Amino acid sequence: MKAFVYHGPKNMSLDQVPNPVIQRPTDAIVRVTTSTICGTDKHIRNGGLPEVEAGRVIGHEFCGEVVEIGAGVNKFKKGDNVAVSCITQCMECYYCKRGIYSRCENGSWIFGYKIDGCQADYVRVPYADSGMYLIPDSLADEDVLFVGDILSTGYFGAENGSIQPGDTVAVFGSGPVGMCAMATARLWGPARIVAVDIDESRLEFAIKQGWADYGLNPQKVDVTQALKDFTSGRGADVTIEANGFEPTFKGAIAGVRPGGTVSVIGVFEKPQILEMQNLWIQNITLKMGLVKANHIPELIDLIKEGKLNMKPLITHTIPLSQVAEGYDIFEQRRDNAIKVVLKADA
Ligand SMILES: [Zn+2]
Ligand SMILES: [Zn+2]
């Protein structure tokens, strides 16, 4: 089969590799019908995650058709169309039993990282019963494509923010994950959602889609002051860091009010400084983590009822055979690319 393989930093290619096979009774083999490229893949491609071994098929955000199941898979059958979580969870280890699925001792985020991922014709899904979700007949792959990763991550960021009705929420980073955080933050009924990014087109886009109410460009305005102006001088009740870099991290810390919550969902490559000499007295709650993708059924339901629609994020759709170009388009944000979707070759 075809697969997009990591050979080392800045060295990936579309290769012919053997098809995946069932290794354990709880595995399923899925024919990948639709996949997408995640910001994390960019980190891998550039060597930011050196633990990824050469020869690894990358990709972890996808939908597909079940073509084979192991003897221990009970919830699915051949021919089922499924959305797949980027988090593999065994449901039996110390962390799974405590609901911290993202730290599953037999899984966690492993697709396209520790095991072969989805930028391929086929992929092996371990613990299929707890990692796959049926796509309702009324929905297409593209409707639910993001539930397994960025939409769950955005939701996780908003949930960790403990947003209250009437709150002011500022999301630092108006990329795909940031916009998913904005869209899901709405579910808690904040008074206003403020997008922060240096890319004006992405601020405008988030507002146009109704995900954000305001956009702030730190190169043009003092974001901390602007957030105070929205809130009688206090600062945002909740800030969500969705970028993974120093300016957005600093901005999220500086922008929150005393007693507020900073929720971090960005993926960081470098250490960050917390200025505890100023922060200790602020009673700020700082939360972070790898997505807990345990609300996928609810997210699919919200999509089905028209309460959430992240499809506008899809700016480019190309066949898997052009995956390398897809990564270039995504990374260079060519033609204002936000999410690049890969379809199985006909
Ligand atoms: Zn991802
Ligand atoms: Zn587990």
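Residues numbered from 1 in each chain as written. Chains lettered and ligands numbered in written order. Predicted model: local features only at pLDDT ≥ 70, side-chain atom pairs only at ≥ 80, totals over all residues. Heavy atoms only, no water.

## Topic: the overall build of the chain
Within the chain, the secondary structure is distributed over 12 helices and 18 strands. In terms of overall size, the chain behaves like a compact globule, its C-alpha atoms giving a radius of gyration of 20 Å where 346 residues would be expected to give roughly 20 Å. Each principal axis of the C-alpha distribution contributes one length, and for the chain these read about 60 × 40 × 40 Å. Buried positions account for 55% of the 346 residues belonging to the chain. Long-range contacts, defined here as pairs at least 24 residues apart, represent 68% of the contacts in the chain between residues at least 6 apart. For the chain, the accessible area works out to roughly 15,000 Å², and carbon and sulfur atoms hold 49% of it. Placing the 34 positive and 41 negative side-chain charges of the chain at their respective mean positions leaves the two points 3 Å apart. (Helix = DSSP H or I, 4+ residues; strand = E, 2+ residues; numbered from the N terminus. Rg over C-alpha atoms; globule rule 2.2 N^0.38 Å. Buried < 20%, exposed > 50% of the residue type's maximum accessible area, 1.4 Å probe, protein only. Contact = heavy atoms within 4.5 Å. Areas by Shrake-Rupley, 256 points an atom, 1.4 Å probe, with all protein chains shown as cover. Lys, Arg positive; Asp, Glu negative; His and termini not counted. Charge placed at Lys NZ, Arg CZ, Asp CG, Glu CD.)

## Focus: the sheet that holds strand β16 (residues 285–288)
The sheet built from 6 strands is open, its strands ordered β13-β12-β11-β14-β15-β16 with parallel pairing. Only two strands of the sheet have a single neighbouring strand rather than two, namely β13 (214–216) and β16. Between one strand and the next, the sheet's axes are offset by a mean angle of 20°, whatever the strand orientation. As defined by bridge partners, strand β11 (residues 168–172) adjoins strand β12 (residues 192–196) across 5 bridges and the pair is classed as parallel. Across the sheet, residue Ala170 finds its bridge partner in β12, namely Val194. Relative to strand β15 (residues 256–264), helix α9 (residues 246–255) is tilted by about 150°, and along the sheet it contacts β11, β14 (236–241), β15 and β16. (Pairing = 2+ DSSP bridges. Axes fitted to C-alpha atoms, helices over the stretch in contact; angles between N-to-C directions.)

## Thoughts on the UniProt feature "domain: Enoyl reductase (ER)" (unreviewed entry) in the chain
What UniProt calls "domain: Enoyl reductase (ER)" (unreviewed entry) maps, in this numbering, to residues 8–342. Each end of residues 8–342 is marked by a C-alpha atom, and these two atoms are 22 Å apart; helix forms 27% of the span and strand 25%. (UniProt positions renumbered as here; feature names shortened; annotations may be inferred.)

## Some details on the coordination of the zinc ion (ligand 2)
Protein-derived ligands of the zinc ion (ligand 2) are Cys90 (SG), Cys93 (SG), Cys96 (SG) and Cys104 (SG), with the metal-ligand distances lying across 2.3 to 2.4 Å. In this structure, the zinc ion (ligand 2) is surrounded by 4 donor atoms whose angles at the metal cover 102 to 118°, and the resulting shape is tetrahedral. (Donors = N, O, S within 2.8 Å, 3.2 Å for Na, K, Ca; no water. Tetrahedral: all angles 85-135°; square planar, octahedral: opposite > 155°, others 65-115°.)

## Quick word on the pattern of salt bridges
Under the criterion given, the structure shown has 18 salt bridges. Across the pair Asp143 and Lys311 runs a salt bridge, and its minimum N-O distance is 3.0 Å. In this pair, Asp143 is assigned in helix α4 (residues 141–144) and Lys311 in the loop between α11 (296–304) and β17 (314–319), connecting sequence segments 168 residues apart. Look at Asp143 and you get buried, because its relative accessible area is 17%. Judged by relative accessible area, Lys311 falls into the partly exposed class, the value being 36%. Taken together, the shared-partner salt bridges in this structure form one network comprising Lys2, Asp121 and Asp345. (Salt bridge = Lys/Arg side-chain N within 4 Å of Asp/Glu carboxyl O.)

## What to know about helix α6 (residues 176–185)
Within an α-helix, residues lying three or four positions from one another point in the same direction, as the helix has 3.6 residues per turn. α6 sits mainly inside the fold: 9 of its 10 residues count as buried. Pro176, Gly178, Met179, Cys180, Ala181, Met182, Ala183, Thr184 and Ala185 are the residues of α6 that are buried.

## Considerations on α11
Where α11 is concerned, the buried positions are Ile296, Leu299, Ile300 and Ile303. Looking straight down α11, one finds its buried side chains confined to an arc of 100°; they lie on one side. For α11, the elements touching its buried residues are β10 (132–134), α4, α5 (150–160) and α6. Gly306, located one to two residues past α11, shows a positive phi value of around 75°. (Arc of directions from axis to C-beta.)

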